[in-house]
Amino acid sequence: MTHPHKHETTQLNSDALGTAESVVMGVAGTAPAFSIAATTATLIAAVGALAPASLLYCGLIMFGVSFAYMHLNRSNPNAGASYAWVGAAFNPVLGFFAGWALLVASAVFMVSGTIPAATATLILIKPALANDPAMVTFVAAGWLLAVSAVIVKGIKPTSYTQIIMTGIEIGVLVAIIIAAIIQFAAHPVHDFSLGWFSITQFTPQLFATGALTALFFFWGWDVTVNLNEETRDAAHAPGRGAVVAMFIVLLLFMAFAAVTLLVLTDQEIERSSTNVVFAVAEKLFPKPWSYLAIVAVMLSSIGTLETSILQFTRTMYAKSRDGVLHPRYAILHKSWRTPWVATAVITLLGLALLFFSSSFPSVNLIIKDSVNAIGFQVAFYYGLAGFACAWHYREQALNSVHNLIFLIVWPAGSAAFLFFIAAYSVPTFDLTTNIVGLGGIAIGVIPLLLNRRQRRKTSATA
């Protein structure tokens, strides 16, 4: 496919990131501390002591998708990732919607990502205001503007910021896990059992319920491939970075789910809602050390906000470069070489959604609805990428057993499961979640048709 606007804009800043930075971006994208804090209580409420197992088996399913991304990235390193690959494997309209689902999920995340960052900030500075929706929205908007400013400035400062934040976050989580094992191994609140990791305890319905929540835990490692045009060894490093990041976060998530069960009673888990990390830390460390948990969640939220904006802007840039969206979104800043127009779009969208969400009665309700809507959209575009990999490599599959498993069976099996979960969950959602989840994808028809009309006009006058 030609890039008609390549001459007007410089290319993205290629060779800016290395493999290690790719791994850090992938880990930051899944936001370990934020995901654990926001979602553990929901997961335990859904599947009880099977939370570690739910994460383990959904993690194995997610590996199928990360292998698909790794192989597709090898054949075509494109900042649009799933949009470009699904379009090439099946047809451009399906590709458009794969990219569109990512754009919508990232935009919705501007709310579910900034609000925990704002709540954590207020707990540290002025705890009395942490439950005031208006104040939370105001601080969230401040974080969104600050992160956008760093991202526009360039991929290098973005990656340096990310390395520091993710380093602190992982350090705190590992310290909590180790301290919990030392202090509670002898007298756990819930007796440890290998049954926590067993698949045989699940009913199909229970597994499906846990899977959508677990999906939100893992979402975000694919930012590594959206940054492939800015990574050295673009064909290999981003894909490897994604797989290594998945492995790291899978271990962290399972360990923390197990530790939560060791340390907290059912009532404490329920009460902690979106603050499980802090609830665990409070039982392990005296104040002010327990506040490190809040710092970790805050940094994690800001880090994953950064990767979500990166995914949004790089996908929008790639789609505009190909003429599928208006060419203005592919304009790069002359000296920083970042898609500044696309960054402005997601920032304004995020601010609008934040102020709209401030009318919700409770912060928890906003998070719950947006987590479910995002889970649905992620299942959609990850699933399409899994099928695209199986289709793209269908002829190489018979060369070896390894190819058959890693290029076809695992990616396609994961994709089929994701589609099943998405379809299964729709009737269980409330109206708001369905409007955001399904409606968000469906509304993509408008830009799709508008750009077609525009292109027809342009070619008629040319």
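A. Just the overall build of the protein chain, in detail. Counting its secondary structure elements, the protein chain contains 18 helices and 0 strands. If one aligns the C-alpha atoms of the protein chain with their principal axes, the spans along those axes are about 75 × 55 × 40 Å. Scored against the burial criterion, the 462 residues of the protein chain give a buried share of 59%. Counting contacts in the protein chain only where the partners sit at least 6 residues apart, residues at least 24 apart contribute 84% of the total. Element-wise, carbon and sulfur atoms account for 69% of the exposed surface of the protein chain, whose accessible area totals about 18100 Å². With 23 positive and 19 negative side-chain charges, the protein chain shows a spacing of 12 Å between the two charge centroids.

B. Structural view of a positive patch on the surface. The grouping of Arg-452, Arg-453, Arg-455, Arg-456 and Lys-457 at the surface amounts to a positive patch. You can see Lys-457 is positioned in helix α18 (residues 445-461). On the accessibility criterion, Lys-457 (48% relative accessible area) is partly exposed.

C. The arrangement of the environment of Gln-183 in detail. Along the chain, the position of Gln-183 falls in helix α7 (residues 155-184). Between the C-alpha atoms of Gln-183 and Ser-66, which are 117 residues apart in sequence, the distance is 36 Å. When near neighbours in sequence (up to four residues on either side) are disregarded, Gln-183 contacts Lys-283 and Leu-284. Polar contacts involving the side chain of Gln-183 include one to the main-chain carbonyl oxygen of Leu-284, which spans 3.2 Å.

D. The packing of helix α5 (residues 92-125) against helix α17 (residues 431-442), seen in detail. At a closest axis distance of 9 Å, the pairing of α5 and α17 adopts a crossing angle of 135 degrees. Overall, the two elements α5 and α17 adopt an arrangement that is oblique. Regarding α5 and α17, the two cross each other, and that crossing is right-handed. Where α5 abuts α17, its residues Phe-97, Trp-100, Ala-101, Val-104 and Val-108 lie against Val-436, Gly-440 and Ile-441. Among the residues making up the contact of α5 with α17, the classes are represented as 7 nonpolar, 1 polar and no charged.

E. Molecular detail of a nonpolar patch on the surface. A surface patch of nonpolar side chains, amounting to about 480 Å² of accessible area, comprises Leu-398, Val-401, Leu-404, Ile-405 and Val-409. Considering the arrangement of structural elements, one finds Leu-404 in helix α16 (residues 401-425). Classification of Leu-404 as partly exposed rests on a relative accessible area of 35%.

F. Representation of the pattern of salt bridges. As enumerated under the stated definition, the model contains 5 salt bridges in all. Here Glu-21 ties to Lys-156 by a salt bridge, and the two come within 3.1 Å at their closest N and O atoms. Of the two residues, Glu-21 is situated in helix α1 (residues 19-30) and Lys-156 in helix α7; the sequence distance between them amounts to 135 residues. For Glu-21, a relative accessible area of 11% puts it in the buried group. Overall, the relative accessible area of 27% leaves Lys-156 in the partly exposed class. For Arg-321, the salt bridge goes to Glu-229, with nearest N and O atoms at 2.8 Å. Taken together, the residues Arg-321 in helix α13 (residues 292-321) and Glu-229 in the loop between α9 (223-226) and α10 (237-263) connect sequence positions 92 residues apart. Per residue, the accessibility class of Arg-321 equals that of Glu-229, and both read buried.

Here is what the cut-offs are and how they apply
- For every chain, the first residue of the written sequence is number 1, and numbering continues from 1 along that sequence.
- With pLDDT at 70 or above as the cut-off, local features in this predicted model cover only qualifying residues; side-chain atom pairs require 80 or more to be listed or tallied, and sums for whole chains, interfaces and linings still use all residues.
- Hydrogens are left out, water is left out, and the side-chain values use all remaining heavy atoms of the structure.
- For helices the rule is a DSSP run of H or I covering at least 4 residues; for strands it is a run of E covering at least 2, with both sets numbered from the N terminus onward.
- Throughout this description, buried means an accessible area under 20% of the type-specific maximum (1.4 Å probe, protein chains only), exposed means over 50%, and partly exposed covers the range between.
- Residues are treated as being in contact if the distance between any of their heavy atoms lies within 4.5 Å.
- In this description, accessible areas are obtained by the Shrake-Rupley approach with a 1.4 Å probe, and a residue is regarded as covered only by the protein chains that are shown.
- The convention is simple: Lys and Arg are positive, Asp and Glu are negative, and His and the chain ends are not counted.
- Positions of charges follow a simple convention, taking NZ of Lys, CZ of Arg, CG of Asp or CD of Glu.
- Patches were defined on residues exceeding 30% relative accessible area and lacking a salt bridge, with like-charge contacts within 9 Å and nonpolar side-chain contacts (Val, Leu, Ile, Met, Phe, Trp, Tyr) within 5 Å.
- Salt bridges are defined as contacts in which a side-chain nitrogen from Lys or Arg sits within 4 Å of a carboxyl oxygen from Asp or Glu.
- Counted as a polar contact is a pair of N or O atoms within 3.5 Å, where, for protein atoms, one must be capable of donating a hydrogen and the other of accepting one, and residues adjacent in sequence contribute only when both atoms are in side chains.
- Here an axis means a line fitted to C-alpha atoms, over the contact stretch when the element is a helix, while the angle between two N-to-C directions is reported on a 0 to 180 degree scale.
- Angles are sorted into four bins: roughly parallel if under 35 degrees, roughly antiparallel if over 145, roughly perpendicular if 65 to 115, and oblique for all others.
- Crossing handedness is defined as follows: a turn of the near helix away from the far one that is anticlockwise and smaller than a right angle gives a left-handed crossing, while the clockwise case is right-handed.
- Think of it as three bins: nonpolar holds Ala, Val, Leu, Ile, Met, Phe, Trp, Tyr, Cys and Pro, charged holds Asp, Glu, Lys and Arg, and polar takes everything else, Gly as well.

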